[in-house]
Amino acid sequence: MLQSKSFVKKTKQGKVLKVVREHYLRDDIYCGAPFCKVCDVAAARLDSNASTIIIVDTNVVLHQIDLLENPAVDNVVVLSIVLEEVKNKNLAVYNRLRALCSNTLRRFFVFSNEYHKDTYVKIEPGESPNDRNDRAIRVATQWYQHHIGAAARVLLVTNDRDNKRKAIEGGIPAETVESYAKSLGQPALLDLIVQAPAEDVTMEDAEDLRPSKRKTIYAEHKPMSEITSGMHRGIYHQGKLRVNRYNPFEAYVGSESIGDEIIIYGRTNMNRAFDGDIVAVELLPQDCWKEEKSLAIANDEDDEDDDVHLAPSSADDAPRVSHPSQISIGNKSDMPTRPSGRVIGIIKRNWHTYCGSLEPMPMPAGDGGIAHALFVSKDRRVPKIRIQTRQLGNLLDKRIIVAVDSWDRLSRYPSGHYVRTIGEIGDRDTESEVVLIENDIDARPFSSQVLACLPPLPWSVSAEDIANPIRQDLRHIRVFSVDPPGCRDIDDALHCTFLPSGHFEVGVHIADVTNFLHSGTPLDDEASQRGTSVYLVERRIDMLPKPLTEDICSLRADVERLTFSVIWEMTPEAEIISTRYTKAIVKSCAALSYVEAQARMDDSRMADPLTTDLRNLNKLAKIMRQKRIERGALTLASAEVKFQIDTETHDPLDIGMYQIREANQMIEEFMLAANISVAKKILEHFPPTSLLRRHPTPTNDMLEPLIQTAASVGLSLDVTSSKALADSLDRAVGDDPFFNKLIRILATRCMSQAVYFCSGDLSPPEFYHYGLAAPVYTHFTSPIRRYADVIVHRLLAASLGICRLPDIFQDRPRLTGIADNLNYRHRNAQMASRGSVELHTLIYFRKRPTYTEARILKIRANGFIVFVPKYGIEGPVYLTSRGQKGGGEWIIDEQQQKIKKTNGEVSYGVLQPVRIHMEVVESQPNRPKLELTLVC
Amino acid sequence: MRGLQLSLDKGQKLRFERAFEVLESLSSKANSDASVIVADDISVNNEDAILKGHGTAEMNDRLVATLCGVVERVNKLVYVRPLRARYKPEIGDIIIGRVIEVAPKRWKLEINFSQDAVLMLSSMNLPDGIQRRRTAVDELNMRSIFEENGVICAEVRGFQHDGCLHLQARSQKYGKLKRGQLLTIPPYLVKKRKQHFHHLDQYGIDLILGCNGFVWVGEHVDVRDDMVEDLSDKSEKQKVKSWNTLGDEEVEAYTPPDTRQNICRSANAVRVLSTLGFTITVEIITEIVELSKSMDLEVHEMLGAEFYVIVAENEAERRSLPTKRR
Amino acid sequence: MEFVNPEGLRLDGRRPMEMRQLRAEIGVVSKADGSAVFEMGNTKVIAAVYGPREVQNRSQQSNDQALVRCEYSMANFSTGDRMRKPKGDRRSTEISMVIRQTMEACILTHLMPRSQIDIFVQVLQADGGTRSACINAATLALADAGIPMTDIVTSCSAGFLNGTPLLDLNYVEDSAGGPDVTVGILPKLDKVTLLQMDSKLQMETFETVMQLATEGCKAVASYIREVLLENTKQLESRRGV
C-alpha cells in the first residue's frame, strides 16, 4: 500500500536548507462518488445521481468562494492541491472551504490527488510550481473522467485561460466561472461572481462611465522584495494598521522597529490599506508631520461626520482623543513629536465580509441590468465599496453583506461583490443581526451534539451527589442570592452566619457548572468558542444551553443546587481568618433583587434572620470596600443605561441611567473577595498555567486627556499611582453633585480594559490589577455566563485534588489562545451590547424628540462634544453649519476650551451643563440619525 | 548481498542470482526449516528426553533459540549451531592467534574469542625443544620467542580455574608463523577436520586453517621440518630453523616471487570464498587457485567482480553433482 | 498546525496508524562482528557490534557477566543543516544510555563473562524516530554478531497530535512539540523494556498511544524476524553442508 517517493525542496530561512520529505502515494484514495463501482463508497460525499461533477481550480476557490457557498453549486470535488494552495494564500477562505467540505448538507468532496498513485504529478524541469499545480489539477480531472466514465460529466471550472486551453486540448471539458454560473440558470448567482481586476478582463464598461476617474489615485504598492530589503535597512516599518474608529481618515501603525505608533493621515497615505492589514510604512519627512488637528472632522474628502454614540466605557473604545497640546499658537516652530507616514505596501490583507447598506442612488434606467453601486459599511473604518449588482432595486433599502475583491490604483474605492441580504434597514431584527454579525457573535441555536451533552431533564440533586465525599452538604445553611430584577441565570449566592467565637462565617456559593460541563465535550468546545454570554437590550445570547443557564446551574430559590463555594471566617472587622474552598450542595432560601435587598436593609422594622444576614454582610462589605480603597483601588463610574422594553413590541419604553445601590456594591465586594482568594489559590498551585485577569496600569499618555480636562476646570489630578489618583478623584468635588461622577466617568474611559491572560506568559509584577489594586485577580463567580470562570473552576478543583487537570492546561500556547479568544469574545460582547443600546436609543428617540441637560466634554473648532448623562450617550453639537469656518456668532477658543457668544452674553467651558435638544432626523432616506442641537 | 561491495553489470548479476538460487534449492532439500532466529520456538517431540544445548533456553515451558543459526540434534541433545559468531573454543582445536601482550610468564593472544587467550611460557616447547624447567632467564627472554603482534599457531588447552582460556604449543608444528598472510574469516566457514595443517607442495606454501577463523597462508618452511610429516610423526625431533634466534631471520628473509604469487593467490581464494560465504577447505582453495591459473588471471584480478561470479557458478555446479564429495 | 487532514492523511500521505517504509540490511561493516543498517522512511541508522571481546578497561571486567557498552552519534550530514555535532553532548549520552539499557535487557550477558560487547550506532539520516531506529538497528547487529539474546528488542514511537494518535512520527511531526512516546518491547515475551515520553499526556490517551506504539513494535518485529531468517537461511545455504 505504501509507495514512497522522496522529493527535495529548498526553503530559505536566512540560509538555504535542503529539506527532504517522504511522500507516500497510495491506492486507497477513493473518488467520493456513491455510484462508483471500484471505490469504497463509505465516505462518498457526492450526489448519487450527480450529472455533473465539478472540479475547481485554486483561483476559482480564492475568488469565488461566495459563489461556492451558494447552495446552487454542488457536487464539487476539491483537490488537495487546491486546498493546499488556498491555505497558503488565504487562510480565511481555506477555513470557509473546509467548512463547506465538512457540511453534511453540501456535496463537496475532498480528493487527495497529491497522495493518489495515479494523480501524483512530479514537477518537470523548467516547470514553475504554478504550472505544475495546474497540470496536477488537469491530471486529476482526467483521472476522474476515466474513472467515472459515462456515469457523470466531469467539468473543470477555471478562469485561467491557459489552463482552460490546455485542458480542452487534452480533451477535458472546461468552462469559466461565468459560463458555468450562467448555465445554472439563476441570475442572482451572477452577483456573487467576483469580477477579475481591471488588468485581466476588460472592465471598460465599468470605468468608461467616469473617464475622469481613469487617473491614478493611489501610489503603486512596492514589490515584496523591496519591502523586505527596505525593512532590513530600516526605512520601512511593518505593523498592523488600525483605523481610528471615529475618524476613518486617520490610522495608526504600531511599529516595533520605531517603538511608537506611526500616524497615517488620509486615504492617499493609507494607500488602499484596510483596518487590520499588515502593512509596510514609510515615514514622511519630519516637516510633513502634521500637527494633529483637534477637529474631529478632519475630512479631506467628502463623507463622514461624527455620529451620536454611546459614551465609551474605557480607553479601548474611546476615540483617540488628540491632545490639543499645550503648545500655544505662537511657537509654531515646535515640531510635532508623533511620526507620521504613508503605506507603501501591504504585506497581508485582512479582508473579510462587511455589513452595511448601499448608498442611496437613483435607479438606473432599464431595471434588471447590471448596475454599479457604492456600498457603505456599518463599520466606519471601512471605505465605501463598489459592487455590481443585477438586483439594485431589491437591495437599496436592505442591510447587505459584501465582500472585498480588489482595489486597484485607478479607482477611489475598492471593488467587491454582494454576498447576501440580512433584511430591511431600520428594522429592529435586521439591525440587531447586524450588531451580532459585526461583532462576530454566534447566535445560532446549539447543535444537537452540544445538546446531547446536557444531563437528562428534569434534573435534581441525586443521592450520589449527596453521598459524594467531596461535596459538602450545606443545605441547612441560610443561603440567598441578590441579583438584578428578572435575572434567570443566578450564578452566585451568599450566606453569613454569626459564629460563637464572635466571628462571621461568610460563604460565596457559585454554581458548579463544571459538574455538567466536562472538558473535551462538544458542549465545552462550544462554550469555549462562545466565551461569554452576550446581553443585548432585548435578548440574551447564552454561552450555555438554556436548561443549564436557567435551571440546572441557576441557584434559584427553594431548590437544591450544586455549588463551588468559597467560605471565609471573618472577624467583625472583616479580617479574613481562614479561607476554605469546597464543592457543596445548597438550597437558596430567597432570590432577591437588588431593590428588594436594599429595601430590606433600609427598613428598620424588619428584623428577620435574612435581613440580619444582609445587614451583617453589608457592614462587612463596607469595611472591605474601605480597605480596598485604602489600598488604592479606584472607584470608577460608567454611564450605564437601562431600558424598559415593551413586552409585546420589544420597543423601548423608557431609558434611564442604571442606578447603583448599596446592595449592588455589597454583592460586588464579596465577588471581588472571592475572585481574589481563588486567584491566589490557583496561582499558588499552578504558577505557569493559571488563567488570571489583569488591568494594565495606564500610561501617562493615556491619562493625558483626563488631566487636561481637569486642568481646564482648574483641577489638578495626581496620577502617579492608583492610590494617588483615587485620592485626587475623591477630592474632585465641584459645586454640583454630578461633577465628581463626571470626572470618574472621564477617568474610566482613559483606562484600558482588563484582560485575561495565562500566568505563564507574563512575569508576576505584570499580573497587577490596577483598578482593583490587587496583585492577582481572576474571574470565578460567573461560570454560567463566562467561560473564563469555567476554566478557573477547573483549576481550583484540580488544586484541591478533587479532579484531574484537563490536558489543555499542559499546552501553554493553547491556553494563551483560549485567553486571547476570551478577550476577543468579551470585547465583542461588550461592543454588541453597546451597539444594541445605541440601536435602541435611536428607536426610542425616533418618536420622542427631547430636551435634556448635557455636559460639555470637549470643545472643537466648529462645536463641542457633549455627554448626556441621563441617556449615557455622547455626540457632537455643531455651532456652525458644515464647511463654514469660524464660529459665526460664536467665538470658539480651542486652546482654552472656551466658547463665547460674540455678543458676550453666554459662555461655556468644559464640563459645564448645557441644555440640548435631541431628535432623530432622516437627512437621507433610510438613514435615521440622532441629532443634538444647542438650546440657548 | 552481505559483505559484497562489487559493481556488477546486469549479466553478472543475473548469473550470480542464478548460482545462488541453485545453492538455495540444494540446501533447502538437505535441511528444511532447521534455520532459526532468536526467540524462535524449537519443536521437540518428547519433552522430557531432551538435553538443552548451546543457543537454547527454556521459556514458558518451551524451548526457544537464543541465537540465529541451525538447529542440530544429536541424540537427546538439541542445540543451535550459530553461523556468524565469535569462535567458541573446544579443547584440542588448532587455532591461530596474534600476540596482544607479553605478560609475566605468559603471552596474551587475540584469537577471535570473547576473551584473550593465554599461552603460558610453561605450556610451550622452547625453540630448542628441550623439556626443562623455565628459568628466570627464559622469562626475561620471552620477547625473543614471541613479540607483540606476532602470529602464532597453537592448540586449545582448555579453561583453567581462573576462567581464562589457556593454549599450549607443545609441539614443533606450533609456534611462530612468518612470511605469509593472516586472513580472518568467520569461524563457521572452517570445518573442523582431522587435518588443519596443509602443505600445498605444488605451490610451495603452507596453509593453516585455524578453527577460530584465522587462516594462515605462508611460505612452506624448510623441507626438513615438514610440518605435515611432523604431524604424523610426533616423536621425530626436529630442529626448526625458522624459530631460531634473530640472526637467522635475515638469511631466510628471501622468498621466491613464485611462492609469493602462490601465497597471494591462495589468500585471495580464501578472501573470495569467505566473502561469498562458502565453506573453506583445502580442496576448494586449491580448486579456486587452479581455476584462476587456468583462466590466466593476475593475482589482483581474482578480486574482480567477474571472478566472484565464476566462483559462485563453479560452486553451484560442484555442489549439484551428487557423486562428488568433498 | 494541521498534522492530520480531515481526509485522515498525514503530511506525508500516511494514515495515522501507518508506519513508514522499513528497510534493513545485515552485514554492512565487514570488520565488525555484527552490523546492520535500519531505515524507517528517511531515518537511516547504521549499527556495528564488536565482541564479545576482551574487556578494555580491566577494572570494569566482571567475572559473571559481559559488559555492554554503547556509543551513539549523529553524522554531520544527517540533518538538513550541516552542523558539526559535538561528541558526547547530553543528548547523545542520554540516547547511548537508553540503547545500552534496552539492549542489556535482552542480551544473555551471563553467558559471556569477562568480556565486553561494544555497540556503535550512528545516525546517517535523521527524520524523526532516530531512537527507535537505533534500537532496531542494534538488535539486528547483535543478532548478526551471534550474541545470545532472550528475544529481539524492537522499538517504535507514537505521538498524539490534533487529537489523533499517530504511529511512527517523522521529523516534522516530532518537532510539533506534542507528546512523543518511544516504546521498546520484547515481542516474544510481550514485555516492555523501554518507555520514554517527554511531555505530559492524559492517562487514557497515553494508553491508546502506547498501545499504538506497541503495535508498531510488533510490526517492526515481524519485519526484523523476516530479515533475520532470510539472512540465516542464506548464510546456511551458501555455506553448504
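The name given to chain B in an unreviewed UniProt entry is Exosome non-catalytic core subunit rrp4, with Salvia divinorum as the source organism. What UniProt states about chain B under its Subcellular location (unreviewed entry) heading is, verbatim, "Nucleus".

By the naming in an unreviewed UniProt entry, chain A is Exosome complex exonuclease RRP44 A, taken from Salvia divinorum. On record in UniProt, under Sequence similarities (unreviewed entry), the comment for chain A is "Belongs to the RNR ribonuclease family." Of chain A, the UniProt comment under Subcellular location (unreviewed entry) reads exactly: "Nucleus".

K.L.:
Give me the lowdown on the overall build of chain B, citing residues and values where you can.
P.N.:
When helices and strands are tallied, chain B shows 8 helices and 16 strands. For chain B, with 326 residues in total, the buried portion stands at 40%.

K.L.:
Outline the sheet that holds strand β14 (residues 353–358) of chain A, supporting the account with residue identities and numerical values.
P.N.:
Residue and element names in this part refer to chain A. The mixed closed barrel is built from 5 strands, whose spatial order is β14-β15-β16-β18-β17. Adjacent strand axes in the sheet meet at a mean angle of 50°, parallel and antiparallel pairs treated alike. Of the strand pairs in this sheet, strand β17 (residues 398–406) and strand β18 (residues 415–424) are connected by 8 bridges, and their pairing is antiparallel. From the neighbouring strand, R399 faces β18, where its bridge partner is G423. Lying on the sheet, helix α12 (residues 428–438) is in contact with β14, β17 and β18; it crosses β18 at an angle near 135°.

K.L.:
Requested: an account of the pairing of strand β9 (residues 247–255) of chain A, with residues and values cited.
P.N.:
All names here are of chain A. Among the 9 residues that make up β9, 7 are buried, leaving the element largely enclosed by the rest of the structure. Bridge analysis of strand β8 (residues 236–244) against β9 gives 6 bridges, and the strand direction is antiparallel. Its bridge partner lying in β9, V243 is registered against A251. Alignment of β9 against strand β10 (residues 260–265), held across 6 bridges, turns out to be antiparallel. Residue pairing in the sheet places A251 in a bridge with I264 of β10. Where β9 folds back on β10, the antiparallel hairpin that results is connected by 4 residues, among which G259 adopts a positive phi of roughly 80°.

Cut-off values and rules
Residues numbered from 1 in each chain as written. Chains lettered and ligands numbered in written order. Predicted model: local features only at pLDDT ≥ 70, side-chain atom pairs only at ≥ 80, totals over all residues. UniProt positions renumbered as here; feature names shortened; annotations may be inferred. Helix = DSSP H or I, 4+ residues; strand = E, 2+ residues; numbered from the N terminus. Buried ≥ 20, exposed ≤ 12 C-beta atoms within 10 Å, placed from the backbone. Pairing = 2+ DSSP bridges. Axes fitted to C-alpha atoms, helices over the stretch in contact; angles between N-to-C directions. Contact = placed C-beta atoms within 7 Å.

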